[in-house]
Amino acid sequence: MPLDRKSAPNDLRAFWMPFTANRQFKSAPRMLVAAKDMYYTTSDGRQILDGTAGLWCCNAGHCRPKITEAVQAQVAEMDYAPAFQMGHPLAFELANRIVDIAPDGIEHVFYCNSGSEAVDTALKIALAYHRARGDSARTRLIGRERGYHGVGFGGISVGGIVNNRRFFGSLLTGVDHLPHTHLPENAFTKGQPEHGANLADELERIIALHGAETIAAVIVEPMAGSTGVLLPPKGYLKRLREITHKHGILLIFDEVITGFGRLGSPFAAQHFDVMPDMITCAKGLTNGVIPMGAVLTTAQIHDAFMQGPEHVIELFHGYTYSGNPVACAAGLATLDTYAEDGLLTRAADLETYWQEALHGLKGLPHVVDIRNMGLIGAVELAPMECQPGKRAFDVFVKAFEAGIMIRITGDIIAMSPPLIISKEQIDELVGTLAEVLRQAG
Ligand SMILES: Cc1ncc(COP(=O)(O)O)c(C=O)c1O
C-alpha cells in the first residue's frame with residue numbers, strides 16, 4: 001500500500017524531534033502536509049499563515065515553481081558529483097552569483113550544508129588563516145552572550161545561549177564572550193536602538209585580558225535572531241569593526257538568518273554598511289528547499305592559503321555534500337526568483353508597515369517589549385511566575401490553532417515571514433496574534 005502522506009501517521013515514536021518538546025508534540029501533533037506561497041496546509045486540512053518563513057529560510061515563500069522545476073531537472077540530470085578534486089559547472093556559477101550580490105570585497109565561497117557547518121567552517125578558516133600567515137598564536141575565538149551559531153561544537157562554544165551549551169561538556173577552550181546588546185532602556189524601540197554602542201568597547205577589555213596576539217576572530221550575528229531578535233544598537237557594529245581592525249582580529253558576521261534579504265538588503269553587512277572578513281550563510285541560500293550553507297570570504301583570506309606546491313590541498317576541510325549539484329540548482333533558481341520578484345530589497349519597502357502593525361500590540365496583556373527591523377519582529381512577554389517559557393509556549397500552540405505559525409524562544413515570540421508577504425497578510429498575522437494574546441491574558 002502506498003503511504004498516504006496527507007494523513008497523520010499513527011505511530012510517532014521513532015522520530016526523536018529536534019529542538020522540540022517531544023512528549024507535548026506527540027500528545028497533540030501539529031502536522032504539516034503541504035505548502036504554497038504564504039501558507040502551510042495541515043493534515044486536518046487547515047491553512048496556516050507562515051509567519052516564520054519555515055525556520056527563517058523560505059524567503060521566497062513555498063513551492064516556488066522555478067525552484068521546484070530546477071531541482072527536479074537537476075536530480076534527473078546529475079544527482080551527485082564529488083566536490084573534492086572534481087567540479088561541476090553549477091557550483092562555480094552559483095559561487096559567482098553569490099559574490100555578485102555580496103558586499104564589495106567578498107570574493108570567494110566555501111560550500112557546506114547548514115548554518116552550523118558554515119559557522120564551524122568559518123571558525124576553522126579563521127584559525128588556519130592566521131597559521132598560514134605565520135601568526136599561529138592567534139587561537140582564541142570571541143563570541144557573544146545570547147549568540148546563536150548553530151549546534152556544532154564550534155558554534156555552541158562561541159554561542160551564548162545557555163541551554164544550548166550547558167549539557168555538552170567543556171566545549172572549545174580559549175573562547176570568550178562579549179556581553180549581549182539587550183538593554184531595558186531600549187524597550188519598544190522602533191528599529192535600531194539608540195543605547196548600547198559602548199558595549200562593543202567590551203572587546204577592548206577582553207583583548208587587554210588575553211592579548212590581541214592570541215585572538216583569531218570575533219563572531220557575531222549582526223542581528224541576533226534565534227535568541228529572540230536582539231538588534232545591534234546604533235554604531236555598535238562599526239565600533240566592533242574598528243576594534244577588530246586595529247588589533248588584526250578577523251570579524252565574522254553570522255548571516256544565516258539575515259542573509260538574502262531579511263533586513264531589506266541582500267546581506268546585513270550592506271544594510272549596516274560594515275564589512276566583515278567572512279560571512280556565514282545558509283537557509284535563504286536555497287529558500288530552504290535543499291540543505292546548503294556557505295562561508296563567504298575576502299580575497300585576503302582566500303589568497304593567504306594559495307601558496308606552497310600546487311598539487312597540495314590548501315585547506316583540509318570540506319563535506320561530502322559541499323556544492324551538491326541539486327543544492328546548487330536550487331540556489332541558482334532561488335537567486336533568480338529573488339531577483340525577478342525584487343525580494344532582496346522588498347523588506348525595506350514593507351518595513352514601516354510591518355513595524356507599525358507590530359507595535360500596535362503594545363499594551364496587550366503581558367507584552368513587555370516589541371522589537372523590529374526589516375521583516376523581523378519580536379514580541380516579548382513577561383514570564384509566568386516559576387514557569388519561564390510557558391506563557392509564550394501556550395501562545396504558540398493557540399496561535400497555530402488560530403491559523404498562524406510563529407516561533408518562540410523562552411517568552412519571546414519571533415516572526416520573520418516570507419519576503420513575499422502582502423500588507424493584508426501582515427494584518428492577518430498580527431491581527432490573529434493580537435487576538436490570541438488578548439485571550440491568553
Ligand atoms: C545565526 C545562525 N547561525 C547558525 C544557525 C544554524 O543553522 P542550521 O540550523 O542550518 O545548522 C542558525 C539557525 O537558526 C542561525 O540563526
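Residues numbered from 1 in each chain as written. Predicted model: local features only at pLDDT ≥ 70, side-chain atom pairs only at ≥ 80, totals over all residues.

1. What to know about unusual backbone geometry
Here is step 1: One non-glycine residue, Trp 56, lies in positive phi territory at about 60°.
Here is step 2: Of note, Trp 56 is situated in helix α2 (residues 53–56).
Here is step 3: Taking the number of C-beta atoms within 10 Å as the measure of exposure, Trp 56 has 25 and is therefore buried.
Here is step 4: Positive phi, normally seen in glycine, also occurs at Leu 171, with a value near 60°.
Here is step 5: You can see Leu 171 is positioned in the loop between α7 (162–165) and β6 (175–178). (Helix = DSSP H or I, 4+ residues; strand = E, 2+ residues; numbered from the N terminus. Buried ≥ 20, exposed ≤ 12 C-beta atoms within 10 Å, placed from the backbone.)

2. Quick word on the domain arrangement of the protein
Here is step 1: For the protein, the assigned domains read domain 1 (22–51 + 343–440) and domain 2 (68–341).
Here is step 2: Between domain 1 and domain 2, the C-alpha centre-to-centre distance is 27 Å.
Here is step 3: Contact with domain 1, which involves 28 residues of that partner, is made by 23 residues of domain 2.
Here is step 4: Those elements that provide at least two residues to the side of domain 1 that touches domain 2 are α13 (343–359), β11 (367–373), β12 (376–381) and β15 (412–415).
Here is step 5: In terms of residue class, the side of domain 1 that touches domain 2 is built from 13 nonpolar, nine polar and six charged. (Domains from an automatic or database assignment. Contact = placed C-beta atoms within 7 Å. Nonpolar A, V, L, I, M, F, W, Y, C, P; charged D, E, K, R; others polar.)

3. Focus: the sheet that holds strand β2 (residues 39–42)
The strands making up a sheet associate through hydrogen bonds between their backbones, and the pairing can be parallel or antiparallel.
Here is step 1: Sheet architecture is open: four strands sit in the order β1-β2-β3-β13, paired in mixed fashion. Of all the strands in the sheet, just β1 (32–36) and β13 (404–405) have a single pairing partner and so form its edges.
Here is step 2: In the sheet, strand β3 (residues 47–50) pairs with β13 via two bridges, with the strands oriented parallel. In the strand pairing of β13, Asp 50 is matched with Met 405. (Pairing = 2+ DSSP bridges.)

4. Some points on the site of the ligand
Here is step 1: As a structural note, the neighbourhood of the ligand is formed by 14 residues, with Ser 114, Gly 115, Ser 116, Gly 150 and Val 256 the closest of them.
Here is step 2: No other element matches helix α5 (residues 115–132), which puts three residues into the shell around the ligand.
Here is step 3: Classifying every residue of the shell around the ligand gives five nonpolar, seven polar and two charged. (Near = placed C-beta within 6 Å.)

5. Examining helix α3 (residues 65–77)
Here is step 1: Compared with the 18 Å implied by 1.5 Å per residue over 13 residues, the 18 Å span of α3 between its first and last C-alpha is a close match.
Here is step 2: Turning to α3, its buried residues are Ile 67, Ala 70 and Gln 74. Down the axis of α3, the buried set is contained in an arc of 65°. They therefore lie on one face. The outward face of α3, more than 90 degrees from its buried face, is lined by the exposed residues Pro 65, Glu 69, Gln 72, Ala 73 and Ala 76. (Expected span 1.5 Å × (residues − 1). Arc of directions from axis to C-beta.)

6. Digging into α5
Here is step 1: Between its terminal C-alpha atoms α5 stretches 25 Å, which fits the 26 Å expected from 18 residues at 1.5 Å a residue.
Here is step 2: In terms of burial, α5 is largely enclosed, as 14 of its 18 residues are buried.
Here is step 3: Looking one or two residues past α5, Gly 134 carries a phi angle of roughly 80°, positive in sign.

7. Re the sheet that holds β12
Here is step 1: The four strands lie next to each other as β11-β12-β15-β14, forming an open sheet whose pairing is antiparallel. Each having just a single partner strand, β11 and β14 (407–409) make up the two edges of the open sheet. Strand after strand, the sheet turns through a mean of 20° between neighbouring axes, direction not considered.
Here is step 2: In the sheet, β12 pairs with β15 via four bridges, with the strands oriented antiparallel. Paired with Glu 380 across the two strands is Ile 412, which belongs to β15.
Here is step 3: The sheet strands contacting α13 are β11 and β12, and the helix crosses β11 at an angle near 175°. (Axes fitted to C-alpha atoms, helices over the stretch in contact; angles between N-to-C directions.)

8. Topic: the pairing of strand β9 (residues 278–281)
Here is step 1: Burial along β9 is two-sided: Met 278 and Thr 280 facing one way and Ile 279 and Cys 281 facing the other are all buried.
Here is step 2: Of the strand pairs in this sheet, strand β8 (residues 250–254) and β9 are connected by three bridges, and their pairing is parallel. By the bridge assignment for β9, Asp 254 is matched with Thr 280.
Here is step 3: Alignment of β9 against strand β10 (residues 293–298), held across four bridges, turns out to be antiparallel. Within β10, the residue paired with Cys 281 across the bridge is Ala 294.

9. Structural notes on the environment of Pro 184
Here is step 1: Secondary-structure assignment places Pro 184 in the loop between β6 and α8 (202–210).
Here is step 2: Residues Pro 184 and Leu 381, 197 residues apart in the sequence, show an inter-C-alpha distance of 13 Å.

10. With respect to the environment of Leu 12
Here is step 1: Among the structural elements, Leu 12 can be located in the segment before α1 (22–27).
Here is step 2: Each C-alpha atom of the pair Leu 12 and Arg 346 lies 40 Å from the other, and the pair is 334 residues apart in sequence.

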